[in-house]
Amino acid sequence: LTLMDWYEEGIGARKKYIEAISELINFAVKKLNAVIYVIPQVTLPTETHWGILLEILKRLDERCKRNLRIIRKELTLQELLITYADLDFLISTRMHATIFALCVGTPALAIAYDYGGKWEIFELLKAKDIIINYKDVNKKVLMDKFIRLLNDSDKLIRNVRNSLKTIYNEAQKN
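First, a word on what this report is: a plain description of the structure on this page. Note that the coordinates shown come from a computational prediction; the quantities given were computed from them, not determined experimentally.

### As for unusual backbone geometry
Here comes step 1: Backbone geometry at Asn 33 places phi at a positive 55°, although glycine is not the residue there.
Here comes step 2: Owing to a relative accessible area of 54%, Asn 33 belongs among the exposed residues under this scheme.
Here comes step 3: One non-glycine residue, Lys 126, lies in positive phi territory at about 55°.
Here comes step 4: When you line up the elements, Lys 126 lands in the loop between helix H6 (121-124) and strand E5 (131-133).

### What to know about the packing of aromatic side chains
Here comes step 1: Scanning all chains against the criterion turns up six aromatic pairs.
Here comes step 2: Aromatic side chains Phe 27 and Phe 146 sit 6.1 Å apart centroid to centroid with 85° between the ring planes, which places their arrangement in the edge-to-face category. Of this pair, Phe 27 sits in helix H1 (residues 11-32) while Phe 146 is found in helix H7 (residues 139-173), placing the two residues 119 residues apart along the sequence.
Here comes step 3: Ring geometry for Trp 119 against Phe 122: centres 5.9 Å apart, planes inclined by 25°, an arrangement best described as stacked. Both residues of the pair, Trp 119 and Phe 122, count as buried.
Here comes step 4: Through a chain of ring-to-ring contacts, three or more aromatic side chains come together here, namely Trp 6, Tyr 113, Trp 119 and Phe 122.

### Here we look at the side chain of Thr 83
Here comes step 1: Residue position: Thr 83 is located in helix H4 (residues 77-86).
Here comes step 2: Its relative accessible area of 17% is what places Thr 83 among the buried residues.
Here comes step 3: Apart from the residues lying within four places of it in its own chain, the contact partners of Thr 83 are Ile 39, Ile 71 and Leu 75.

### Quick look at the environment of Val 104
Here comes step 1: Along the chain, Val 104 turns up in the loop between helix H5 (95-103) and strand E4 (108-112).
Here comes step 2: Accessibility expressed as a relative area gives 29% for Val 104, which makes it partly exposed.

### A closer look at the packing of H1 against helix H2 (residues 50-58)
Here comes step 1: At their nearest, the axes of H1 and H2 sit 9 Å apart, and the two run at 55° to each other. The pairing of H1 with H2 is recorded here as oblique in orientation. As for the relative orientation of H1 and H2, their crossing is right-handed in sense. Touching Arg 14, Tyr 17, Ile 18, Ile 21, Ser 22 and Ile 25 of H1 are Ile 52, Glu 55 and Ile 56, all from H2.
Here comes step 2: For the contact of H1 with H2, a count of residues per class yields six nonpolar, one polar and two charged.

### With respect to the sheet that holds strand E3 (residues 90-92)
The pairing of strands in a sheet comes from backbone hydrogen bonds and takes either a parallel or an antiparallel form.
Here comes step 1: In space, the three strands of this open sheet follow the order E3-E4-E5, with parallel pairing throughout. Edge strands, defined here as strands with exactly one partner in the open sheet, are E3 and E5. In this sheet, adjacent strand axes meet at a mean angle of 15° when their direction is disregarded.
Here comes step 2: Where E3 and E4 come together, three bridges link them in parallel fashion. Paired with Ile 91 across the strands is Leu 109, a residue of E4.

About the criteria used
- Residues numbered from 1 in each chain as written.
- Predicted model: local features only at pLDDT ≥ 70, side-chain atom pairs only at ≥ 80, totals over all residues.
- Heavy atoms only, no water.
- Buried < 20%, exposed > 50% of the residue type's maximum accessible area, 1.4 Å probe, protein only.
- Helix = DSSP H or I, 4+ residues; strand = E, 2+ residues; numbered from the N terminus.
- Phe/Tyr/Trp six-rings, centres within 6.5 Å; stacked < 30°, edge-to-face > 60°.
- Contact = heavy atoms within 4.5 Å.
- Axes fitted to C-alpha atoms, helices over the stretch in contact; angles between N-to-C directions.
- Parallel < 35°, antiparallel > 145°, perpendicular 65-115°, else oblique.
- Left-handed = near helix turned anticlockwise from the far one by under 90°.
- Nonpolar A, V, L, I, M, F, W, Y, C, P; charged D, E, K, R; others polar.
- Pairing = 2+ DSSP bridges.

So, in structure tokens, the structure goes:
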């Protein structure tokens, strides 16, 4: 799990994000017996995830809190890639974390907190369906996407791998 404390879409959207992430953690722990890793993809003071993480923690019961592993240190690129490769899935509010996870074969969902052409990379990776816009996040949307991710993860990773091969081959021509 990578988090982003984002106010640009308003307090209401932020509240729905907190509720949705909390509900997803509850589901993953209680139904899948998952251990949830909170990964610090960006560690700049202006983009910290600690405030929103504390709000999410308030909504979790003790069992869920026990199944959280909060990584506190800044990870190198190699450490990030190893961490993402060891996950069963990633829910990410950081675009680069999502890309890294997909590239190492880990199914992922991306919560797009901003807009622009950078998100088109998921189109190139044949993974545009994994994106949820931050303003659209709520418990139902996130859970529906997550269940689809679990059911279609092999297909997603196969599509990404094939796309990466195509991108690599096209780049070799230049």
